[in-house]
Amino acid sequence: MNVIFREAEEADVSTVLQLLQDDILGATRESNDINIYLSAFRRMRVEGTNHLIVGERDGRIVATYQIIFISGLSLRASRRAQIESVRVASDLRGQRIGEVMFADAETRARAAGCVLMQLTMNKSREQTSRFYQRLGFTPSHIGYKRDLI
């Protein structure tokens, strides 16, 4: 699989937004206002532990994910890698790009001193759940969210 993963640059944000919108859930919940995404990207860069990663193949961004490194006290002061906003271009799904993407995420997590990777997903994504389990993730917790807007 000839996909190269790298840190996103500001110029990549519009393409990442297209990947987020090219999704059954993202199509209705993402905005067309690029400025809010550019502002968020700039805040992520300042945080230093919050990274937007893109995967390129033949000069085209075909995948993206966000990885946030979280230091904590529980689990013997373990550091975690939180994975968010995982997307592969819809015309390329099923070609193992997701597997390569998670191998990249694991490499980055280990390099940052993390002892575990964690993620949440919308429970309507049954096929995605099977994919994560195939990669070795276990559905060990129940997640809750509360809208603040």
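The structure this text deals with has already been given above.
Residues numbered from 1 in each chain as written. Predicted model: local features only at pLDDT ≥ 70, side-chain atom pairs only at ≥ 80, totals over all residues. Heavy atoms only, no water.

(A) How the structure looks around the pairing of strand β4 (residues 79-88). With eight bridges connecting them, strand β3 (residues 60-71) and β4 associate as antiparallel partners. Its bridge partner lying in β4, I67 is registered against I83. By the bridge criterion, four bridges tie β4 to strand β5 (residues 116-119) in an arrangement that is parallel. Residue pairing across strands places I83 opposite L119, the latter belonging to β5. Since β4 and β5 lie parallel, the crossover through helix α5 (residues 97-111) that links them has a hand, and here it is right-handed. (Pairing = 2+ DSSP bridges. Helix = DSSP H or I, 4+ residues; strand = E, 2+ residues; numbered from the N terminus. Right-handed = clockwise from strand over helix to strand, strands pointing away.)

(B) Local environment of the sheet that holds β4. Strand order in this open sheet of five strands is β1-β2-β3-β4-β5, and the pairing throughout is mixed. Across the chains shown, the open sheet's two edge strands, defined by having one partner strand only, are β1 (4-7) and β5. If you compare each strand with its neighbour and ignore which way they point, the axes differ by 30° on average. In this structure, β1 lies alongside strand β2 (residues 50-57), joined through four bridges in antiparallel fashion. Paired with F5 across the two strands is G55, which belongs to β2. Packing against the sheet, α5 makes contact with β1, β2, β3, β4 and β5, and its axis sits at approximately 35° to β3. (Axes fitted to C-alpha atoms, helices over the stretch in contact; angles between N-to-C directions. Contact = heavy atoms within 4.5 Å.)

Treat this as a map of the structure, not an account of what it does.
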